[in-house]
Amino acid sequence: MRILGIESSCDETAAAVFDPSAGLLSNVVSSQVAVHGAYGGVVPELASREHLKSVLPVVERALADASSGRGEIDGIAVTAGPGLIGSLLVGLCFAKSLSFAWGKPIYGVDHLESHIYAVFLENPVEFPYIALLVSGGHTSLFRVEGWDGARQLGGTLDDAAGEAFDKAARMMGLPYPGGVEIDRMAREGNPGRYSFPRAWLSRDSADFSFSGLKTALRTFLGSPEGQAARVEDVAASCQEAVADVLSGKAIAASQREGIPRVVLAGGVSANSRLRALTQERGSAAGVEVFLPSKALCTDNAAMVALLGERRMSAGRFSGPELNAYAASRFSR
Ligand code: KG4
Ligand code: ZN
């Protein structure tokens, strides 16, 4: 089935066309970074309005790039949740209207699941695998048994990794989105210059916590040593603390579960230090590490179209009751 995917869960309006025999035919992302930058974070009401403006041109562009129209598209996949409810509703209502007008089936995709399977757009991974999903809203480890078999092993007790990066960047006076800025600044810094706390929790825990790091950073930046510090060194040391815990827990989960495959997913998995450290630790432990390209780590509709295709070709469709949901459906 050739699928049109639509994603609007946060601050990116995206559309893509995926066809299992031809591959990814188009992948269009319209970012709202310029709109939210002035506020230092995503403003939900502004995000919904931007999605309203962008959804039609983005979908038209994705269809044109894929030389596809009503006649070529066999189904529509759309992110149903979790995410910002107003943002989700824009993409969802658009997709439902198109499905009705075109007489094509629709499937509501879970945003976390779409991130977890995005790797298949580039690499067919053998099941089962461990997925580390790290984004602005989520930080979780999953055991993935098949196309409908993701089980959460652990999650964050407080902030998500991306949220920690973004808040840390704001404290350092770096612009939004902070994760990317910290990654950039850290390249010129010394990661061993300052030692920030790592919350390992209990030895076998697959859970995460970043609130201690945030407090430690705030205290440090207020101290005379912090005020004299080079921002590059602070960024590198802070990034090191996050990457250390994320990669360490992902490889530990893979060993505990006896699954020698780890997949990174979500916006934070674009982080260059996290990628390098996970790869390094994976090689040392005999674990194969899969790193999707950065454009497939951050929010996109290619992953939505891909998972929609898998589900619809297995006979699973959503009905008219399809609705958006804000909170994660995964629990441990
Ligand atoms: O998956 P995503 O695009 O949206 C959500 O579903 O949340 O993730 C966005 C998050 C933001 O917090 C952003 O700062 C972070 O991913 N991010 C990064 C990098 N690129 C994006 N964090 C660290 N290093 C990066 N290179
Ligand atoms: Zn996401």
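Source: prediction; values computed, not measured.

Analysis parameters
- Residues numbered from 1 in each chain as written.
- Chains lettered and ligands numbered in written order.
- Predicted model: local features only at pLDDT ≥ 70, side-chain atom pairs only at ≥ 80, totals over all residues.
- Heavy atoms only, no water.
- Helix = DSSP H or I, 4+ residues; strand = E, 2+ residues; numbered from the N terminus.
- Expected span 1.5 Å × (residues − 1).
- Buried < 20%, exposed > 50% of the residue type's maximum accessible area, 1.4 Å probe, protein only.
- Contact = heavy atoms within 4.5 Å.
- Donors = N, O, S within 2.8 Å, 3.2 Å for Na, K, Ca; no water.
- Tetrahedral: all angles 85-135°; square planar, octahedral: opposite > 155°, others 65-115°.
- Core = buried A, V, L, I, M, F, W, Y, C linked by side-chain atoms within 4.5 Å.
- Phe/Tyr/Trp six-rings, centres within 6.5 Å; stacked < 30°, edge-to-face > 60°.
- Lys NZ or Arg CZ within 6 Å of the ring centre and 35° of its normal.
- Pairing = 2+ DSSP bridges.
- Axes fitted to C-alpha atoms, helices over the stretch in contact; angles between N-to-C directions.
- Near = heavy atom within 4 Å.
- Polar contact = N/O pair within 3.5 Å; in protein donor to acceptor, adjacent residues only side chain to side chain.
- Areas by Shrake-Rupley, 256 points an atom, 1.4 Å probe, with all protein chains shown as cover.
- Nonpolar A, V, L, I, M, F, W, Y, C, P; charged D, E, K, R; others polar.
- Domains from an automatic or database assignment.

Notes on helix α3 (residues 85-102)
No. 1: Its 18 residues give α3 an end-to-end C-alpha distance of 25 Å, which sits within 8% of 26 Å, the value for a rise of 1.5 Å per residue.
No. 2: Those residues of α3 not exposed but buried are Ser87, Leu88, Val90, Gly91, Leu92, Phe94, Ala95, Leu98, Ser99 and Trp102.

Quick look at the side chain of Gln239
No. 1: Summarising the element assignment, Gln239 is placed in helix α9 (residues 231-257).
No. 2: Excluding anything up to four places from it in sequence, Gln239 contacts Phe165, Ile182, Asp183, Ala186, Asn271 and Arg273.

Quick look at the coordination of the zinc ion (ligand 2)
No. 1: For the zinc ion (ligand 2), the protein coordination sphere consists of His111 (NE2), His115 (NE2) and Asp299 (OD), at 2.0 to 2.2 Å.
No. 2: Between the 4 donor atoms coordinating the zinc ion (ligand 2), the angles at the centre fall across 92 to 155°, so the site counts as irregular.

Digging into the environment of Val78
No. 1: Position of Val78 among the secondary structure elements: in strand β4 (residues 75-81).
No. 2: Its relative accessible area of 1% is what places Val78 among the buried residues.
No. 3: On a C-alpha basis, the gap between Val78 and Gln32 in space is 19 Å, while along the polypeptide they are 46 residues apart.
No. 4: Apart from the residues lying within four places of it in its own chain, the contact partners of Val78 are Ile6, Gly91, Leu92, Ala95, Ile106, Tyr107, Gly108, Val109, Val304 and Leu322.

Observations regarding the nonpolar core
Soluble globular proteins tend to bury their nonpolar side chains together.
No. 1: Counting residues in each nonpolar core, the largest one holds 43 residues, and the members touching the most others are Leu141, Met172, Phe196, Val234 and Leu246.
No. 2: Every element with two or more residues in this core is listed here: β6 (129-134), α5 (161-171), α6 (178-186), α7 (211-222), α9, β9 (261-265) and α10 (272-285).
No. 3: At 11 residues, α9 tops the list of elements feeding residues into this core.
No. 4: Those residues in contact with Leu246 that lie beyond four places of it in its chain are Leu132, Val134, Thr139, Ala161, Phe208, Phe210, Val268 and Leu274.
No. 5: Grouped together as the second largest cluster of nonpolar side chains are 28 residues, Ala131, Leu133, Phe142 and Ala305 included.

Examining α6
No. 1: Most of α6 is tucked away, with 7 of its 9 residues classed as buried.
No. 2: Listed in full, the buried residues belonging to α6 are Gly178, Gly179, Glu181, Ile182, Asp183, Met185 and Ala186.

Digging into the packing of aromatic side chains
No. 1: In this structure the tally under the stated criterion is 10 aromatic pairs.
No. 2: Centre to centre, the rings of Phe127 and Tyr129 are 5.7 Å apart; their planes meet at 15°, and the pair counts as stacked.
No. 3: Its relative accessible area of 23% is what places Phe127 among the partly exposed residues.
No. 4: Classification of Tyr129 as buried rests on a relative accessible area of 0%.
No. 5: The interplanar angle of 75° and the centroid separation of 5.0 Å between the aromatic rings of Phe142 and Phe330 together place this pair among those described as edge-to-face. Remark: Phe330 occurs in the segment after α12 (302-313) and Phe142 occurs in strand β7 (residues 139-144); sequence separation between them is 188 residues. Like Phe330, Phe142 is buried.
No. 6: A cation over a ring is seen here: Lys249 above Phe208, with NZ or CZ 5.8 Å from the ring centre.

Describing the sheet that holds β9
No. 1: On the basis of which strands lie adjacent, the open sheet formed by 5 strands has the order β8-β7-β6-β9-β10 and mixed pairing. Among the strands making up the open sheet, the edge pair consists of β8 (150-155) and β10 (288-290). Strand-to-strand twist in this sheet, taken as the mean axis angle between neighbours without regard to direction, amounts to 25°.
No. 2: Relative to β8, β7 runs antiparallel, the two sharing 5 bridges.

Some words on the site of ligand 1
No. 1: Close to ligand 1 lie 18 residues, the nearest being Gly136, Asp166, Asp183, Gly267 and Asn271.
No. 2: Within the side chain of Asp183, a nitrogen or oxygen atom sits 2.8 Å from a nitrogen atom of ligand 1.
No. 3: Taking 550 Å² as the accessible area of ligand 1 by itself, protein coverage stands at 89%.
No. 4: Sorting the residues of the shell around ligand 1 by element identifies α4 (111-117), α5 and α6 as the ones contributing at least two each.
No. 5: Residue composition of the shell around ligand 1, grouped by class: 4 nonpolar, 11 polar and 3 charged.
No. 6: Structurally, the shell around ligand 1 is a two-domain feature, drawing no fewer than three residues from each of domain 1 (3-116 + 299-313) and domain 2 (125-291).

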